[in-house]
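# Architecture and fold: a report
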Amino acid sequence: MLDSVASQIISFHRENSSNDTLTPHYFPNKEEVIEITILLRKLLFPGYFDGKTVTFDGCEMRDMLTEVQYKLRRQICRALNASCENSSCEKKYSEADEICRAFLKKLPILLKTLMTDIGAAYDGDPAASSKHEIIFSYPGLFAVTIYRIAHELHNLSVPLIPRIMTEYAHGKTGIDINPGAEIGDHFFIDHGTGVVIGETTIIGNHVKIYQGVTLGGLSTRGGQSLRGVKRHPTIEDEVTIYSGATILGGETIIGKGCVIGGNVFITQSVPPNTKVYLKNHEPEYTAVK
């Protein structure tokens, strides 16, 4: 019986695979991708998550970067090969190395952006006792940190790995940010559980959102035919979106300075400096004072 089941599974994969064999060398190692993610977080915030005293002579940082480079290059190579439709395609070591180097060069800029996110969290949350508390414990910053790492890899056309990273953060925090979303600086997710930010979402600077917010698409019935189409909303600068709000559609623009109240459902654009809230179960629009 077991031989028959094994034979049927093998036959299915043989019929539906462009390769003669299924080998782990053609797929990223999920556990190692998560290890890289954790290591990058330690690298960006030295001394916070490894219990070690960090000196500023650069030795520890170089060692960590060397480890990241070795592991990430290997996983990028696997991801590139896994996404190659031609079963005889060459292993992409040189391409993976080039991508890895380009990514590592972006880390200082990424860190500066994360510092603005930490500042936004501290300025926007009177319950925060210090920026250290935010780095150590805020799920919003955890998810945004990993999103920003994954987004840089996404921009370098790395397949599979960015989504593995953001789904790791999703599982840890309940915050689902697609690595393709474009998010400006000074971004703060307060509380965070249940937040969903879709792939083609564009978010400006100084935006604050609360738990349960969905920035999604109006419909996914088109399936793969919608790939590359702007399906998710644009949130302009200095917008606040309160808990449970749902904003849908690729043509929906929430203008600069808007305040979106809790549990509001929006599928059309909102002009700048407008407050939207529920009144008698219907959206009410007023000017922000």
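Above this text is the structure in question.
Below is a summary of the structure that appears in this document. Quick caveat: nothing in here was measured; it's all calculated off a predicted structure.

## Here's the deal with the packing of aromatic side chains
Tallied over the entire structure, the rule returns 6 aromatic pairs. Arranged with centres 6.1 Å apart and planes meeting at 55°, the rings of Phe 142 and Tyr 168 form a pair that is tilted. You can see Phe 142 sitting in helix H7 (residues 139-155) and its partner Tyr 168 sitting in helix H8 (residues 161-173), a full 26 residues away along the chain. Both residues of the pair, Phe 142 and Tyr 168, belong to the buried class. Grouped by ring-pair contacts, the aromatic residues Phe 45, Tyr 48, Phe 49 and Phe 136 constitute a single cluster. The positively charged end of Arg 41 is found above the aromatic ring belonging to Phe 49, 3.8 Å away from the centroid.

## Notes on the sheet that holds strand S8 (residues 234-235)
Pairing within the open sheet is parallel, and its 4 strands lie in the order S2-S5-S8-S11. Edge strands, defined here as strands with exactly one partner in the open sheet, are strand S2 (182-183) and strand S11 (253-254).

## A look at a nonpolar patch on the surface
Together, Met 1, Leu 2, Val 5 and Ile 9 line one region of the surface with nonpolar side chains, adding up to about 460 Å² of accessible area. Looking at where Leu 2 falls in the secondary structure, it is placed in helix H1 (residues 2-15). With a relative accessible area of 64%, Leu 2 lands in the exposed category.

## Concerning unusual backbone geometry
The backbone of His 206 shows a phi angle near 60°, a positive value even though the residue is not glycine. Inspection of the secondary structure assignment puts His 206 in the loop between strand S5 (202-203) and strand S6 (208-209). A positive phi angle, close to 55°, is found at Asn 273, a residue other than glycine. Looking at where Asn 273 falls in the secondary structure, it is placed in the loop between strand S13 (265-266) and strand S14 (274-279). Of the residues examined, Asn 273 reaches a relative accessible area of 44% and is grouped as partly exposed.

## A few points about the pattern of salt bridges
Counted under the stated rule, the structure contains 9 salt bridges. A salt bridge links Arg 74 to Glu 32, with the nearest nitrogen and oxygen atoms 2.7 Å apart. Of the two residues, Arg 74 sits in helix H3 (residues 59-82) while Glu 32 sits in helix H2 (residues 30-44), which places them 42 residues apart along the sequence. Linking Glu 95 and Lys 92 is a salt bridge whose minimum nitrogen-to-oxygen distance equals 3.9 Å. Counted as one network, the salt bridges with shared partners bring together Glu 35, Glu 67 and Lys 71.

Rules used in this analysis
- Residues numbered from 1 in each chain as written.
- Predicted model: local features only at pLDDT ≥ 70, side-chain atom pairs only at ≥ 80, totals over all residues.
- Heavy atoms only, no water.
- Phe/Tyr/Trp six-rings, centres within 6.5 Å; stacked < 30°, edge-to-face > 60°.
- Helix = DSSP H or I, 4+ residues; strand = E, 2+ residues; numbered from the N terminus.
- Buried < 20%, exposed > 50% of the residue type's maximum accessible area, 1.4 Å probe, protein only.
- Lys NZ or Arg CZ within 6 Å of the ring centre and 35° of its normal.
- Pairing = 2+ DSSP bridges.
- Patch = residues over 30% accessible without salt bridge, like charges linked within 9 Å, V, L, I, M, F, W, Y side chains within 5 Å.
- Areas by Shrake-Rupley, 256 points an atom, 1.4 Å probe, with all protein chains shown as cover.
- Salt bridge = Lys/Arg side-chain N within 4 Å of Asp/Glu carboxyl O.

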